Amino acid sequence: MTDELAVLGIECFGHHGVFEFEKREGQVFVIDLVLGVDTAPAAASDDLRDTVDYGSLVASVKAAVEKDPVDLIETLAQRIADVCLLDDRVEWARVTVHKPNAPIDATFSDVALTITRKGRP
């Protein structure tokens with residue numbers, strides 16, 4: 001059995017997109033994370049060292065979004081999943097990248113991509 005740790009609505013400013021103005025001007029991206037983690041060791045010890053430190057994780061995810069621009073949110077989502085899976089205690093990561101200001105010529109509320117990746121066996 002795996003527990004789920006969720007951190008939702010992480011706002012980041014990035015310069016991702018296929019259009020030059022997206023890379024130049026940047027825009028807000030919102031990230032949702034759901035991680036498969038066995039929390040029993042931390043529950044037993046009450047020690048932060050026995051679990052995923054979500055404060056540090058959010059800082060790392062924010063840095064991953066705010067660095068080198070990419071064209072596609074698929075690439076960005078994979079980058080974020082890779083960051084989440086650096087901690088061996090994370091069995092899997094579900095990452096949603098929201099791009100609420102995507103350049104679409106229509107009224108819409110959000111563009112979102114969700115990927116799920118497994119950690120190392």
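Right, let's walk through the structure included here.

About the cut-offs
- Residues numbered from 1 in each chain as written.
- Predicted model: local features only at pLDDT ≥ 70, side-chain atom pairs only at ≥ 80, totals over all residues.
- Heavy atoms only, no water.
- Helix = DSSP H or I, 4+ residues; strand = E, 2+ residues; numbered from the N terminus.
- Expected span 1.5 Å × (residues − 1).
- Buried < 20%, exposed > 50% of the residue type's maximum accessible area, 1.4 Å probe, protein only.
- Arc of directions from axis to C-beta.
- Contact = heavy atoms within 4.5 Å.
- Polar contact = N/O pair within 3.5 Å; in protein donor to acceptor, adjacent residues only side chain to side chain.
- Salt bridge = Lys/Arg side-chain N within 4 Å of Asp/Glu carboxyl O.

**Topic: helix α3 (residues 54-66)**
Over its 13 residues, α3 extends 18 Å from the first C-alpha to the last, a length consistent with the 18 Å expected when each residue adds 1.5 Å. Of the positions making up α3, those classed as buried are L57, V61, A64 and V65. Mapping the buried residues of α3 onto a view down its axis gives an arc of 95 degrees, with all of them on the same face. Where α3 is buried, its residues meet β1 (3-14), β2 (27-37) and α4 (73-84). Among the residues of α3, the N-terminal cap falls to D53, whose side-chain oxygen and the backbone nitrogen of G55 are separated by 3.0 Å.

**Describing the pattern of salt bridges**
With the rule as written, the count across this model stands at 6 salt bridges. R49 is paired through a salt bridge with D47; the nearest N and O atoms lie 2.6 Å apart. A salt bridge links E66 to K62; the shortest N-O distance between them is 2.6 Å. Separated by 4 residues within a single helix, E66 and K62 lie in helix α3, roughly one turn from each other. Given a relative accessible area of 37%, E66 falls into the partly exposed group.

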